[in-house]
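Structure at a glance
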Amino acid sequence: MRKPIKNNVSWIGKIDWALDKFHGDDYSVNHGSSQNAYLIEEEKVVLIDTVWKPHSTDFIDNLKKEIDLNKIDYIIANHGEVDHSGSLPQLMELIPNTPIYCTANGVKSLVGQYHHPEWNFKVVKTGDSQDIGNGKKLVFVEMRMLHWPDSMAVYMTGDNILFSNDAFGQHFAVEELFNDRADQCLLWEEAMKYYANILNPFSPLVKRKIEEVLALNLPIDIIATSHGVIWRDNPTQIVEAYYKWSQDYQEDQVTVIYDTMWEGTEKLANRISRELSLHSPNTRVKQYNLSKTDKNDIMTEVFKSKAIAVGSPTVHQGILSSVAGWLEFLKELKFKGKKAAVFGCYGWSGEGNKVLREELTKAGFETVDAEIKCSWNPTDEDLNKAVDVAKALLG
Ligand code: FEO
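First, a word on what this report is: a plain description of the structure on this page.

Conventions adopted
Residues numbered from 1 in each chain as written. Predicted model: local features only at pLDDT ≥ 70, side-chain atom pairs only at ≥ 80, totals over all residues. Heavy atoms only, no water. Helix = DSSP H or I, 4+ residues; strand = E, 2+ residues; numbered from the N terminus. Buried < 20%, exposed > 50% of the residue type's maximum accessible area, 1.4 Å probe, protein only. Contact = heavy atoms within 4.5 Å. Areas by Shrake-Rupley, 256 points an atom, 1.4 Å probe, with all protein chains shown as cover. Right-handed = clockwise from strand over helix to strand, strands pointing away. Pairing = 2+ DSSP bridges. Axes fitted to C-alpha atoms, helices over the stretch in contact; angles between N-to-C directions. 1 Å grid on protein atoms, 1.4 Å probe; cavity = no way out; pocket = protein on both sides within 12 Å on 5 of 7 lines; lining within 4 Å. Points joined across faces, edges and corners; volume = space filled by probe spheres on them. Nonpolar A, V, L, I, M, F, W, Y, C, P; charged D, E, K, R; others polar.

Of the regular secondary structure elements, the protein holds 13 helices and 24 strands. Residues counted as buried form 58% of the 395 residues belonging to the protein. Partitioning the intrachain contacts of the protein with sequence separation of at least 6 by distance along the chain shows that 72% fall at a separation of at least 24. For the protein, the accessible surface area stands at approximately 16,500 Å², while carbon and sulfur atoms represent 50% of it.

Our focus in this paragraph is the pairing of strand β18 (residues 253-258). Of all 6 residues making up β18, 6 are buried, and the element is well covered by its neighbours. Of the two faces of β18, the one lined by Gln 253, Thr 255 and Ile 257 and the one lined by Val 254, Val 256 and Tyr 258 are each fully buried. For the crossover that starts at β18, traverses helix α8 (residues 264-279) and ends in the parallel strand β19 (residues 284-289), the hand is right-handed. Taken together, the 5 bridges between β18 and strand β20 (residues 307-311) define a ladder with parallel strand orientation.

A few words now on the sheet that holds strand β8 (residues 45-48). The strand order β1-β2-β7-β8-β9-β10-β11 describes an open sheet built from 7 strands, whose pairing is mixed. A single partner strand is all that each edge strand has here, and the edge strands are β1 (3-6) and β11 (121-123). Between one strand axis and the next, the sheet turns through 25° on average, direction left out of account. Pairing of strand β7 (residues 38-41) with β8 involves 4 bridges; the strand directions are antiparallel. Note on β8: the bridge partner recorded for Tyr 38 is Ile 48.

Extensive coverage of strand β15 (residues 161-165) is indicated by the burial of 5 of its 5 residues. Burial along β15 is two-sided: the residues Ile 161, Phe 163 and Asn 165 and Leu 162 and Ser 164 are all buried. Relative to β15, strand β14 (residues 152-156) runs antiparallel, the two being bridged by 3 bridges. Paired with Val 154 across the two strands is Phe 163, which belongs to β15. Counting the residues that bridge the hairpin from β14 to β15 gives 4 residues, and of these Gly 158 lies at a positive phi of roughly 85°. Pairing analysis gives 4 bridges linking β15 to strand β16 (residues 222-225), with the strands arranged parallel. Of the residues in β16, the one forming a bridge with Phe 163 is Ala 224.

Moving on, we come to empty space enclosed by the protein. Across all of its chains, the model carries 2 cavities of 30 Å³ or more by this definition. A volume near 170 Å³ is recorded for the largest cavity. Looking at the largest cavity, it is lined by 16 residues, and the ones nearest its centre are Met 143, Phe 168, Lys 209, Ile 210 and Val 213. Only α6 (203-215) and α7 (236-245) provide two or more residues apiece to the lining of the largest cavity. At 5 residues, the largest contribution of residues to the lining of the largest cavity is made by α6. If you add up the space inside the second largest cavity, you get close to 30 Å³. Lining the second largest cavity are Ser 312, Pro 313, Thr 314, Gly 344, Cys 345, Tyr 346, Gly 350, Gly 352, Asn 353 and Lys 373. When residues of the lining of the second largest cavity are traced back to their parent elements, those giving at least two are β23 (339-346) and α11 (352-362). A per-element tally of the lining of the second largest cavity places β23 first, with 3 residues. The residue inventory of the lining of the second largest cavity, partitioned by class, reads 3 nonpolar, 6 polar and 1 charged.

Below, the structure written as structure tokens:
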């Protein structure tokens, strides 16, 4: 069912309380999510985005209850990813000639996925606009690489609503929709997780785009995202947060991340955490076993950290697959301005630390020289090396 947003604008999406994974299994969803689509009923009727394919039938049935589908004048496809475009094939069977407004890359992505080059695409670029009557218009803003090359936002004049698509969203189900009605702790936790795990690689572009949009001096009363809350209470607070997060964000936190085979490397992790806390009591120290903690949630902790320590025992002349897989993900996220130390136990050949150091360097971390490389189980002498590791990470 529709939910009112402002004047003639309604939400008509899917609140997905049961969703627990996104992007295949690559993003953990701890508190549900939503795919937000919007219906504008001015002199022209506009549908902004749709929902993921599994919810297509419900979405179209709901839409039919609200409006004669043939009355839809324009469809806006802000982004071709399937969570927003997934209902288009079913919808376009019913209203095949309806114009679809999207970027040039949007056409590539939609045709590539759904194989309907005959759809009535209208390619738009930044600054283009479309009148929707009653003195209002939609202004298109390309959001290239935020987070796909096809991404776009739409600004509605008169009601001052920015339909931002993925930007400023969260995987977070909120039945009441609005940011002022949401659990604030969970909202900000999920907003940061979304930024760290999806948008961080594009931080320089985020900063530039925010500066570009702010320079336009547009009044913004509502930021209507495509996931999670709709920002209506002080909506620019999330823009300010993104601006801060886009500039090599860090807090006074150090995070120790490891996996262990027979507890030796875990003992090193425990001692490093203890020394970090002893040497800098004001620093927040956190420790995670990679096999027992969600990888996306650890990534949010890395985002907050000024330094990390990463440990793995040597196995088959390399490192544990849990750590190797996570480091691959770490490389993709392009963190900057953070230090890293390595540690690990070995029984025979001992290549683990070297591999960890190489991978962390490739991931953009400044690796410190201090490390703990420990044969078999750690002795007091091995454990005492945690002092140098802690000092190097805090220094
Ligand atoms: Fe929510 Fe990039 O799709």
